[in-house]
Structures are given as C-alpha cells and as structure tokens.
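# Structural overview
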Amino acid sequence: MEWPWLLPVSDTSDTNSPMKVLIIGSGGREHALAWAIARDDMVEHVFIAPGNAGTALEPKCSNIAIPVNDFDAHIEFCHRERIDLTIVGPEDPLVNGIREHFDAAGLKCFAPSREAAQLEGSKGFAKAFMQRHDIPTAAYLTTGRLDEAIAYIEAHGSPIVVKANGLAAGKGVVVAQSISEAVEAATEMLSGDRFGDAGREIVIEEFLEGEEASYIVMSDGTSVLPFASSQDHKPVFDGGLGPNTGGMGAYSPAPVVDDLVEAKILDRVIRPLIAGMAAEGTPFQGFLYAGLMISKNQDVHVVEFNCRFGDPEAQPVLYRLQSSLPSLCLAAVDSQLSTKTIEFDDRAAVGVVVASGGYPESYETGYTISGLDQIPAGAKAFHAGTRVQNDEIETSGGRVLCVVGADADFMEARQLAYSGIDAIHFKDQHYRTDIGYRVIERLQH
Ligand code: AMP
Ligand code: GLY
C-alpha cells in the first residue's frame, strides 16, 4: 500500500546537506522528532541522547549514552561529530539553561532560553505574564503561605484547582471537588511533602469548564508557524477517571479547534505571548505549547504553557507533518521563520499510549515486549519507555509505546492505532480504550 505522505521530504534550500542532528531526550516525543527528521533527505544522521529502543532501531539514527542534563558532554559530542543542529525534547534541560550553554559554545540549538522556559518552569511566572499581556486565563492567586491559600480557597469555593508552582512531571495539579480537598492539597504542597521545592509556592485558580485542546507552534522569537491542533487524554483510565498522567493518547486535528477558535488562539494567546516575551527582553524561540480550555461558547483560556513539544501530541502531529522539520528548525534558529510555510497531511492521526501497569504511580519495568513486528502497515509504534536488552526490547518506563494510525476517516485512523495496540504484549500492560471519544461523540451528533 502507498502512504504518500510518509515519503521522505526534502528541502535543501538553506543548508549544504548532508546535515547531522542531535535530539535530546528519551521519550515518545523524541522518537517522533527523530523519525520526522531522519526521513528528510537533507539529513545524514540523527543522534539521540540518550534515546530509547525505538530511536536506536530507526533508520539513520543512533543513540548516545549522554543524560539529558549533561550539557558539557552534549557540547563535546557536537564538536566532535560536527553536529549542525540540536533539538531539545523535554522541559528539564530547557529550564536548566541548555540553550545558553550551546550559545556560549557557538552551536546551533533550537530551544528557548532559560528565562523563556520560565513559562513552563514557573506557573506563577506564566500567570503573571498572562496578566501583564491580557492573555485570557483563569483568575488565580500565587502564594507560599498556607493562611493566604486557605482564605482564597474558602472565598472562592469549589471546584477549585491547586497547582505546584515548579516542575512536577505533569502531576503537580489537583482539581479539587471540595474545599477540604483543596485545603489538603495546598497543605501538602506547601509543606514540601508532596512535590519537594516545586510545591513550596502554589498557584490556586478558578476551575475552567469546557473541552481541552493542545495548540503547538514553533517560533524564532518574532514569527510563528502553527502545527496542526491536537488533543491529549491526561487521566489514566477510560472516561477520564483516575490520576493525571503525562498523556495516555492524542489525536490531530482536534475538531474543537475550528477556524474561529484557531483565530482566537493566535490573536489572543500566541501572538501576544511572542510579542510580550520579545518586548520584555526574553524572546521565545522554540516549540511553544499552549494547553487551552475551550468553553461551550468558544471562549479560549490558557490552562498552561509548555516550552516544548507535547508528548504524546508530537506523535500524531508530526506523523501528519509534510514540511521539512530540520529546515524549519534551522530557519527558526537563524530568525528566518517568516520565509517558511508549514504543511500537514489532511488525514487524521490517532495515537494510543500503552503504559506499564501501575503508572502513573509505581510500576515494574524489564518486561519483554512482543508483537512490535506485527504492527499493521500505515501504523507506527513510537517508543517511549523501552530499551534493548540481550537483543530483546523490554519496558523501561511508565509510558512504553504510542501507536499512531492515520487515515482520511477518523474512525479508520483510530482502528489502525488500536490494531497496532492489539498486536503488542507485555506483562501488566495498560491502555485506555476510549482515545478519541470526544470526536466519536461529535460524529454521532
Ligand atoms: P496543567 O499541568 O496545568 O496542565 O494541569 C493538568 C490538568 O489539570 C489540565 O490538563 C486540566 O485537565 C486540569 N486543569 C488545570 N487547570 C485547570 C483549571 N483552571 N480548570 C480546569 N481544569 C484545570
Ligand atoms: N501531553 C501533555 C504534555 O506534553 O505536557
């Protein structure tokens, strides 16, 4: 069968190929980035630090055993291998200032600065920035004091949302259904028991109603190119039950982001953010992720910003990308993004995550994964928590794989992804069976 949108793309207009790329990270997002970059004719080789079993096996790709926060080792490697471009996947190295290290070494790195990464690294920073620039978001209080927190919670009532200010791997948010639950969350966070220092300051905010969507763009600091919209599924169980995870599945496009909503997102959120960051002397260059709540009457509010691509959003979104990702990233690093356009395949893509039993709480690893060679044509298994051990692929993390299917028909795309999931087996595996339920509900109305 022909999958024309998966043919290698090529755009050698602004570099002398072949180029070498380094990707930092080890998750499903990084596998999707590596795959999207390696299939480009202008790219000779992609290194992933440290990568996973999927990136190790991808054509033109190899893993290098450097931890994500060992910037000196990255830089030494880039000089030695003559790497043309580095792309950073996760938030940790961004918040730790990887961009500054690469700039000082004279190496091209598509990533926001440490200051720009505060949009994700500090929820308090992001809220205050939005308030300064009139970007719509929930009413809130940032505090490090329990008495202030309790007074705010009691004055506003429930439901109400309590968030650790710092990075907490997507788990530092409690959507409290009662005042006592909110007070308990605030107490635990502020004591440092729950998220350590990340929770010593908290943001308490108004509960927003509506449907969530992810909107990701790339920026060179002034211009913006939007990726196709997407939608994540954060709770671990079907029906949106159970604790929040990094994301159990995603699809692209998200029908809730119609033309009107997209125009609002760009006009009220993305453009004011890029202009505001530039005006404050901290231009945002990199992937920018806006987590949004879209109300019934199509009002748009920001739930959070991330300074990186989403995971698992990257898997379905990049699966649809038809433009040359390395060329776009190079243009962004050179502040030339306004000369570029970005194209996506019209087909819908659906990604379903299969996780280790027990995730997002404690789980076992080291289980052999079978069936990866049985994934149907047209579907793709992006790896996350996997490693190669004695010539076998085994589990090594919470989210293990994300299988993506694409088709002009959403239900066919979803079926393709679930056929791939059906082929895969490992001990205690768990996945949601309802990825895309909101689209299905729409299709039924
Ligand atoms: P965050 O890490 O800030 O994205 O929050 C994690 C999840 O908590 C979001 O994806 C939402 O589902 C939920 N959430 C966060 N803030 C709010 C809010 N103000 N209103 C309703 N739900 C929220
Ligand atoms: N999927 C949500 C995130 O990447 O933060």
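Since the structure is predicted, the reported quantities are computational estimates derived from the model, not experimental observations. (Residues numbered from 1 in each chain as written. Chains lettered and ligands numbered in written order. Predicted model: local features only at pLDDT ≥ 70, side-chain atom pairs only at ≥ 80, totals over all residues. Heavy atoms only, no water.)

### Describing the sheet that holds strand β16 (residues 285-294)
Here four strands make up an open sheet; going across it, the order is β11-β10-β16-β17 and the pairing antiparallel. Strands with a single pairing partner mark the edges of an open sheet, and in this sheet they are β11 (224-226) and β17 (300-306). Each strand axis lies, on average, 30° off the axis of its neighbour in the sheet, ignoring direction. Relative to β17, β16 runs antiparallel, the two being bridged by six bridges. The residue of β17 that forms the bridge with methionine 293 is histidine 301. Its contacts with the sheet place helix α10 (residues 259-279) against β10 (211-220), β11, β16 and β17, and it is angled at close to 135° to β16. (Pairing = 2+ DSSP bridges. Helix = DSSP H or I, 4+ residues; strand = E, 2+ residues; numbered from the N terminus. Axes fitted to C-alpha atoms, helices over the stretch in contact; angles between N-to-C directions. Contact = heavy atoms within 4.5 Å.)

### Considerations on the site of ligand 2
Around ligand 2 sit Asp232, Lys234, Gly246, Tyr289, Asn306, Arg308, Gly310, Asp311, Pro312 and Glu313, and that is every residue in its neighbourhood. Between ligand 2 and aspartate 232 there is a distance of 2.7 Å, counted from a nitrogen atom to a side-chain nitrogen or oxygen. Note that an oxygen atom of ligand 2 is positioned 2.8 Å from one of the side-chain N or O atoms of arginine 308. Burial of ligand 2 by the protein chains amounts to 92% of its free accessible area of 200 Å². (Near = heavy atom within 4 Å. Polar contact = N/O pair within 3.5 Å; in protein donor to acceptor, adjacent residues only side chain to side chain. Areas by Shrake-Rupley, 256 points an atom, 1.4 Å probe, with all protein chains shown as cover.)

### With respect to the packing of helix α8 (residues 146-156) against helix α9 (residues 179-191)
At a closest axis distance of 10 Å, the pairing of α8 and α9 adopts a crossing angle of 160°. The pairing of α8 with α9 is recorded here as roughly antiparallel in orientation. Along this stretch, α8 crosses α9, giving a crossing that reads as right-handed. On α9, the residues touching Leu146, Ala149, Ile150, Ile153 and Glu154 of α8 are Ile179, Ala182, Val183, Ala186, Thr187 and Leu190. Residue classes in the contact of α8 with α9 are distributed as nine nonpolar, one polar and one charged. (Parallel < 35°, antiparallel > 145°, perpendicular 65-115°, else oblique. Left-handed = near helix turned anticlockwise from the far one by under 90°. Nonpolar A, V, L, I, M, F, W, Y, C, P; charged D, E, K, R; others polar.)

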